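# Architecture at a glance
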Amino acid sequence: MMEDMRGDRVEVVVDVGTGVQTYEIAATRAGRRVEVTTGRGVVEVVEVTRGGKTVRTARFMAERVVALVEHPAESELVPRRGRRPVRGQ
């Protein structure tokens with residue numbers, strides 16, 4: 001089964017045998033996004049451009065992934081914790 005998620009930044013916590021290690025994959029430029037795909041025992045995190053071209057890829061064995069945290073892109077129209085969106089003056 002394949003699942004897709006999109007956002008600005010993804011944290012992957014991986015079991016390395018002697019503990020865990022955290023990897024952070026973030027979109028490096030405006031307009032880029034990070035996509036996560038899981039399937040066939042592999043978790044793949046890919047940074048892609050607006051046109052869908054792959055910029056960089058990170059792959060992890062799914063059985064070693066302890067946690068996967070997506071930090072989604074924030075929309076300008078969605079208020080953040082009680083604040084109203086700022087509109088042009």
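Below: a short report on this structure.

Calculation criteria
Residues numbered from 1 in each chain as written. Predicted model: local features only at pLDDT ≥ 70, side-chain atom pairs only at ≥ 80, totals over all residues. Heavy atoms only, no water. Salt bridge = Lys/Arg side-chain N within 4 Å of Asp/Glu carboxyl O. Helix = DSSP H or I, 4+ residues; strand = E, 2+ residues; numbered from the N terminus. Buried < 20%, exposed > 50% of the residue type's maximum accessible area, 1.4 Å probe, protein only. Core = buried A, V, L, I, M, F, W, Y, C linked by side-chain atoms within 4.5 Å. Contact = heavy atoms within 4.5 Å. Phe/Tyr/Trp six-rings, centres within 6.5 Å; stacked < 30°, edge-to-face > 60°.

## Regarding the pattern of salt bridges
All told, the structure shown has six salt bridges when counted by the stated rule. Two residues, R9 and E24, come together in a salt bridge whose shortest N-O distance is 3.1 Å. Of this pair, R9 sits in strand β2 (residues 9–15) while E24 sits in strand β3 (residues 20–26), and the two are 15 residues apart along the sequence. With a relative accessible area of 27%, R9 lands in the partly exposed category. Across the pair E47 and R32 runs a salt bridge whose closest N-O atoms are separated by 3.5 Å. Highlighted residues: E47 in strand β5 (residues 42–48) and R32 in the loop between β3 and β4 (33–39), separated in sequence by 15 residues. Accessibility assignment for this pair places E47 and R32 in one class, buried. Each of R9, E11 and E24 takes part in one network of salt bridges that share partners.

## Let's talk about unusual backbone geometry
With the exception of glycine, the majority of residues adopt a negative phi angle, and the majority of peptide bonds are in the trans configuration. Its identity is not glycine, yet R40 carries a phi of approximately 55°, on the positive side. Locating R40 in the fold gives a position in the loop between β4 and β5. Take R40: its relative accessible area is 88%, and that puts it in the exposed class.

## Observations regarding the nonpolar core
It is characteristic of soluble globular proteins that their nonpolar side chains tend to be buried jointly. Formed by V10, V12, V14, I25, V34, V36, V43, V45, A58, F60 and V65, the largest nonpolar core amounts to eleven residues. For this core, the secondary-structure elements that each account for two or more residues are β2, β4, β5 and β6 (54–61). Of the residues forming this core, the biggest block, three residues, is contributed by β2. Beyond its immediate sequence surroundings of up to four residues, V65 is in contact with V12, V13, V43 and F60.

## Things to note about the packing of aromatic side chains
Evaluated as defined, the whole model comprises one aromatic pair. Aromatic pair Y23 and F60: ring centres 5.3 Å apart, planes at 45°, arrangement tilted. One end of the pair, Y23, is in strand β3; the other, F60, is in strand β6, and 37 residues separate them in sequence. Taking relative accessible area as the criterion, Y23 reaches 33% and is therefore assigned partly exposed. F60 gets classed as buried once you look at its relative accessible area, which sits at 12%.

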